[in-house]
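# Reading the structure
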Amino acid sequence: MREITYLEAVREAMTQEMERDSRVFLIGEDVGEYGGAFQVSYGMLEKFGPERILDTPITELGLTGAATGAALIGMRPIAEIMFMDFTTLASEQLVNQAAKLRFMFGGNATVPLVLRTPAGSGTGAAEHHSQSFENWFVHVPGLKVVMPTTPYDAKGLLIASIRDDNPVVFIEHKLLYKTKGDVPEELYEIPLGKADIKREGKDLTIIATSIMVQRSLQAAEELAKDGIDVEIVDPRTLRPLDTETIVNSVKKTGKVLIVHEAVKTGGFGGELAGVIAESEAFGYLDAPILRLAGREVPIPYNRNLELKAVPQVEDIIQKARELVNLRV
Amino acid sequence: MREITYLEAVREAMTQEMERDSRVFLIGEDVGEYGGAFQVSYGMLEKFGPERILDTPITELGLTGAATGAALIGMRPIAEIMFMDFTTLASEQLVNQAAKLRFMFGGNATVPLVLRTPAGSGTGAAEHHSQSFENWFVHVPGLKVVMPTTPYDAKGLLIASIRDDNPVVFIEHKLLYKTKGDVPEELYEIPLGKADIKREGKDLTIIATSIMVQRSLQAAEELAKDGIDVEIVDPRTLRPLDTETIVNSVKKTGKVLIVHEAVKTGGFGGELAGVIAESEAFGYLDAPILRLAGREVPIPYNRNLELKAVPQVEDIIQKARELVNLRV
Amino acid sequence: MTLTKEKAEQYLLQMYQIRAFEEQAEKSYMAGKIHGTMHLSIGQEASAVGSISTLEPTDFIIGHHRGHGLCIAKGADLNLMMAEFYGKENGYCRGRGGSMHIADVDGGNLGANGVVGGGIPLAVGVGIGLKMQAENKVLLAFFGDGAASTGAFHESMILAVLYQVPVVFICENNQYAMSFSANDWTTSKKIAAHGEIYGMPGSTSTDGNDLLEVQKAVEAAVKRAREGGGPSLIVNDTYRWRGHSKSDRNRYRTKEEIEKWKKKDPILRFQKQCIGEKLLSEKEAEKIKDQGYADIESARLFAEASPEPDVAALEEGVYAP
Amino acid sequence: MTLTKEKAEQYLLQMYQIRAFEEQAEKSYMAGKIHGTMHLSIGQEASAVGSISTLEPTDFIIGHHRGHGLCIAKGADLNLMMAEFYGKENGYCRGRGGSMHIADVDGGNLGANGVVGGGIPLAVGVGIGLKMQAENKVLLAFFGDGAASTGAFHESMILAVLYQVPVVFICENNQYAMSFSANDWTTSKKIAAHGEIYGMPGSTSTDGNDLLEVQKAVEAAVKRAREGGGPSLIVNDTYRWRGHSKSDRNRYRTKEEIEKWKKKDPILRFQKQCIGEKLLSEKEAEKIKDQGYADIESARLFAEASPEPDVAALEEGVYAP
Ligand SMILES: Cc1ncc(C[n+]2csc(CCOP(=O)(O)OP(=O)(O)O)c2C)c(N)n1
Ligand SMILES: Cc1ncc(C[n+]2csc(CCOP(=O)(O)OP(=O)(O)O)c2C)c(N)n1
Ligand SMILES: [Mg+2]
Ligand SMILES: [Mg+2]
């Protein structure tokens, strides 16, 4: 199969859906001529024209609301927020409006909106351009939250998100943009709410999201050399969560390590721990549930500090080793 | 000791601190003549004048930033956001600026800001005036998050928050405003980061926040009749969290039920579950960790639906009974 | 638009229905039948009816928290509306939304909004969608003077002008945002001037208690929007007679001021105009008023007899299938 | 302010330091010594130096993401600044902030900001605090043309006027917000007109490449602010020569346009003025230029020799004790 990058997969999903469905359009800052801050929409302006590739001034709240309003009357907008850090400016429209309009109107409204945004650190862009807020939006009924890890997942999940009749927060990772993988040329959907077991194993379950799936896979290779056989579950969709796959994996291995980049405290890892600790998997646990996640700091500028602020492959290896040796 | 309401306790803390320290001021929508939407600041305009009671137009982002800027040069502002739902509009300044300025500037800045806001449902105000976002802010290093339950705690914690040199999100509950309790007239601080055991018990630990502490206390009375002896831990400060008190209680009882009003998924209950499941208390658990929290819906208008959307006393009783009968 | 007898009757009836709805809302609340809060638009009826009378039935409105009058002017079914106000299952939003969220998407009412300024960005998007759908529909987007201070307003004006959306933004300036006076606040009186600068030629303000003046201004803006001429901003100057909501103690204004504005009652004013121009007789007007109140009384009966939502269905309607 | 020889030397030196700093920044980046992105203000030096030259040392500035020039004009220690740019422990922010967050609170520089418009609400609050502290200090608050479209801008202007804060808001209109052209966007060219409507009399725009014109406008505004006359809004029209950041491919503008603006180099222009008015000789100017570049070269050496932060100290400085 053809290899393309994660970034190209996102672009291809948008492009093919726009070709297929005239109600789909893209709105965001510098998504036109500039091609988006990360070049995700590069070339789309030439293809679709300014009527369907809407460049906006710096108006995160306004453009998110605009996308929501268009969705409310039957369009299928994709809004881009240039950095996830700036969803702090957009959250009123996303959380109070897009997420709630349907319920608030007694089920008589549909908001088929996708809000795409890149999260994560590692680019040296410091405190205001590196955050991961997925758990904020997981906390909001009415939203779906998707975090693709591979180019294949990115395309299939984005197509499914665009076709979904609900507002979807689609979180990309800057450091994944240039990673490559096999991606079919044709359109395909990966259903929202379906986890993927990225590696089968029997000694230990790692539940990881976004770039931490890749780092966990690398860690697993190392751990395998020591005879530690890691299973890696990638929820892919954080809301709704595929609890079943997670619970089954934990039942099988009896040990679980949760890994994400966002700050540990108040993060999605807590939700995962909660889901496991209240499930039937609890009885199968033979060690505490460990979480490895972002440190309790804003993302610093200095490269060494920045690396230290979020889990790296070595940290995962170390934590997994620790877990393997733990017993209740 | 003198009894006053929770609302009066909040007002008294602000008033006494403003009398004591000329750097303290209040800024918010309708906090002046109107007295605030809930009359919390009623009378303060007459006492302190418009130079220190700053009425603003509807500018959640602007006023939060203004408070932050004033704090940066040595003032000690208290900003009021009329409903916690509207912190969605303020979060950029709170999360990107107030929380990060100190770290970002290498430790060379101090932001002694208190952002007060009422959360919670039960007033029939529907989807846009009933939300509880505490876990959003717990997720942000640089912020402290406080949720007082009693008038006594409200006063002591607010005074400590005002005197704290960090930005503190101080979350009140609308339904608690009229509840009464003993409150000393003099100034006193309750240290941030110290949980309170609101009831001692041996069979089961309930960790509850805000109004759920009151409901849990009522539930505990009922459960006591059946011989179920509940311990109730009120973290009071959610960030930084008093993990020690929580872990010790769970070690003692071996069973834990987490109760909060905010939506369950992605909520603070997950964090608590994570903290317990990764701690030494894990080995002492003889049942899964249960969470009882807000349902996966926006808060509806209809009174019966609204009641059903968040835990009530009966729900706590039922869940506690369920837990008592659970075994691994 | 020339005022015909038929139109005169319709407008007067709608204004009386609004007045009656609000009075009933207040009574129901006082009687403990309603839980929660509400925002009454008594005194502002001409702004709602004058503005919305310029629309075709297939056009849209989007409202704000003080939105009962807008719903009625858009032709809401009074029974469903009152049932929603009562939080009943057969209300417009199945009792989920209540006073602050009444909507009828199929009927072109895209909803009231509990967030001040919350509807303005949505309006831009509706405008973008309408333009793409190319059916020559327009949207009236309502908000208060308080909303004009929000960042949402500013960003939306810029986007609306940039995309030349078929939207008329209508600021119902009732002089206060809760206790915050439009006069204290240096920008309020200049909202229309802002409109010009954003790039909406013809932005203007009206005597919002004069139905025909409102209608004339909005009509021109709607025409322009429909013909592809882009958005406009119109400020209707009016006054709310009641407190902001049930929590209001009216400390920030004087009784005299309220009395002064009551003398400018938009309903009586329009009624007098119609009688003066011989479009209606005193008696006809009286009958219309009675009709308005009777309509609301029957809506009340409908609402009170309507079933409560089933609590077991709480989680319905959060997600589309 | 009359231009003395001493002042002329100081301004020219600062502008050359800025130019040299930016060129060095670019070189260091190209050489792989810097990780991350940066925003260069080459071409905008007169706006920074002209504006900030009106301040007393005890006054404040607050900047934006393209803020190197502002720091230097506020008298930053070039070594500490370059060390911060290199992410070193003895940089202004201990390497935690980097290019986009350089600050020196004690020196009156309240920091650059990575969020467009992020500094504007802060500025209002600083103004509130300064007014309460009653020491007659003022603040210059800088932001770009792009920031003027944000809700933060609108809300802040309203609050600034309401509280009559001693703040001069300075919009550095460099014609683009990334690729978004000020000319596309109907409000940008009218930013100063907005200022008037918000209630800031004397809001004006300048030829931002003319140091003395900028200085004159800002000086008047600073005086007014210091005397309790409230805030002002000034727009300095200028141009960034470089791309927006390292990711920019310059697709949205022509080489000719860039060349045209390069001919309006604010440094050469000021230098010529000084020489023309016999305040400086060609040779003196040349020496100042060399001095500017030499200062930056020694800052580079300082930065490169400086220690990296200790990763064990990562969690320091998040909370005040
Ligand atoms: C964003 C936001 N902030 C605050 C409130 C609380 N609130 C409700 S209505 C209101 C005043 C609104 O004033 P205006 O826009 O003039 O409308 P009016 O009530 O006068 O009709 C306020 C502050 C809110 N609902 N939303
Ligand atoms: C709120 C926000 N949105 C988007 C960005 C990404 N971004 C960084 S600079 C910039 C353009 C800013 O334009 P302007 O204010 O004119 O300043 P300039 O870069 O031209 O100096 C954008 C969109 C950001 N940093 N913050
Ligand atoms: Mg008003
Ligand atoms: Mg610019």
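Reading the values: the criteria
- Residues numbered from 1 in each chain as written.
- Chains lettered and ligands numbered in written order.
- Predicted model: local features only at pLDDT ≥ 70, side-chain atom pairs only at ≥ 80, totals over all residues.
- Heavy atoms only, no water.
- Near = heavy atom within 4 Å.
- Polar contact = N/O pair within 3.5 Å; in protein donor to acceptor, adjacent residues only side chain to side chain.
- Nonpolar A, V, L, I, M, F, W, Y, C, P; charged D, E, K, R; others polar.
- Donors = N, O, S within 2.8 Å, 3.2 Å for Na, K, Ca; no water.
- Helix = DSSP H or I, 4+ residues; strand = E, 2+ residues; numbered from the N terminus.
- Buried < 20%, exposed > 50% of the residue type's maximum accessible area, 1.4 Å probe, protein only.
- Least-squares fit on C-alpha atoms with pLDDT ≥ 70 in both.
- Contact = heavy atoms within 4.5 Å.
- Pairing = 2+ DSSP bridges.
- Axes fitted to C-alpha atoms, helices over the stretch in contact; angles between N-to-C directions.
- Domains from an automatic or database assignment.
- Buried area = accessible area lost by both parts, 1.4 Å probe.
- Salt bridge = Lys/Arg side-chain N within 4 Å of Asp/Glu carboxyl O.

So, on to the site of ligand 2. In the vicinity of ligand 2 lie 21 residues, with Glu60(A), His65(D), Arg66(D), Gly146(D) and Tyr176(D) positioned nearest. Taking His129(A), its side chain carries an N or O atom lying 3.5 Å from a nitrogen atom of ligand 2. For ligand 2, an oxygen atom lies 2.7 Å from a polar atom in the side chain of His65(D). By residue class, the composition of the shell around ligand 2 is ten nonpolar, seven polar and four charged.

A few words on the coordination of the magnesium ion (ligand 4). All names here are of chain D. Listed as protein donors to the magnesium ion (ligand 4) are Asp-145 (OD), Asn-174 (OD1) and Tyr-176 (O); their distances from the metal cover 2.0 to 2.1 Å. Considered as a linear motif, the donors of the magnesium ion (ligand 4) on their single chain read D-x28-N-x1-Y. Separated by 31 residues along the polypeptide, Asp-145 in the loop between β2 (139–144) and α6 (151–163) and Tyr-176 in strand β4 (residues 176–177) bring together distant segments of the chain. Residue class for Asp-145 comes out buried when judged on its relative accessible area of 2%. A relative accessible area of 8% places Tyr-176 in the buried class.

What follows deals with the relation of the copies chain C and chain D. Once chain C is rotated about the relating axis by 180° and shifted along it by 0.0 Å, it coincides with chain D to within an RMSD of 0.0 Å. Considering both components of the superposition, the chain copies are consistent with a two-fold axis. Minimal C-alpha separation from the rotation axis in chain C is found for Gly151(C), amounting to 1.7 Å. Of the residues that chain C buries at the interface, 100% are likewise interface residues in chain D, meaning the two copies contact each other through the same surface.

Moving on, we get to the relation of the copies chain B and chain A. Note on the identical chains: chain B maps onto chain A by a rotation of 180° and an axial translation of 0.0 Å, with an RMSD of 0.0 Å. A symmetric contact is evident, with 100% of the interface residues of chain B recurring at the interface of chain A.

Right, let's get into the sheet that holds β2(D). Residue and element names in this part refer to chain D. Read across the sheet, five strands follow the order β1-β2-β3-β7-β6 without closing on themselves; strand pairing throughout is parallel. The strands lining the two open edges of the sheet, one partner per strand, are β1 (60–62) and β6 (204–207). Pairs of neighbouring strands in the sheet enclose a mean axial angle of 25°, with direction left out of account. Here helix α7 (residues 191–198) sits on the sheet and contacts β3 (167–173), β6 and β7 (232–237); the angle it forms with β7, its principal contact strand, is near 175°.

Turning next to the domain arrangement of chain A. Residue and element names in this part refer to chain A. Its domain assignment divides chain A into domain 1 (3–182) and domain 2 (196–324). Each of domain 1 and domain 2 has a C-alpha centre, and the two are 26 Å apart. With 29 residues of domain 1 in contact, the opposing surface of domain 2 contributes 26 residues. Summed over both sides, the interface between domain 1 and domain 2 buries roughly 2200 Å², with carbon and sulfur atoms accounting for 55% of that surface. Considering only the surface of domain 1 that becomes buried against domain 2, Val-138, Met-147 and Thr-149 emerge as the three largest contributors, covering 23% of it. Linking domain 1 with domain 2 are two salt bridges. Run the count over domain 1 and domain 2 and you get 16 residue pairs in polar contact (both at pLDDT 80 or more). Sorting the residues of the side of domain 1 that touches domain 2 by element identifies α6 (134–138), β6 (144–146) and α7 (151–163) as the ones contributing at least two each. Ranked by the residues each element gives to the side of domain 1 that touches domain 2, the list is headed by α6, at four residues. Broken down by class, the residue content of the side of domain 1 that touches domain 2 amounts to 14 nonpolar, eleven polar and four charged.

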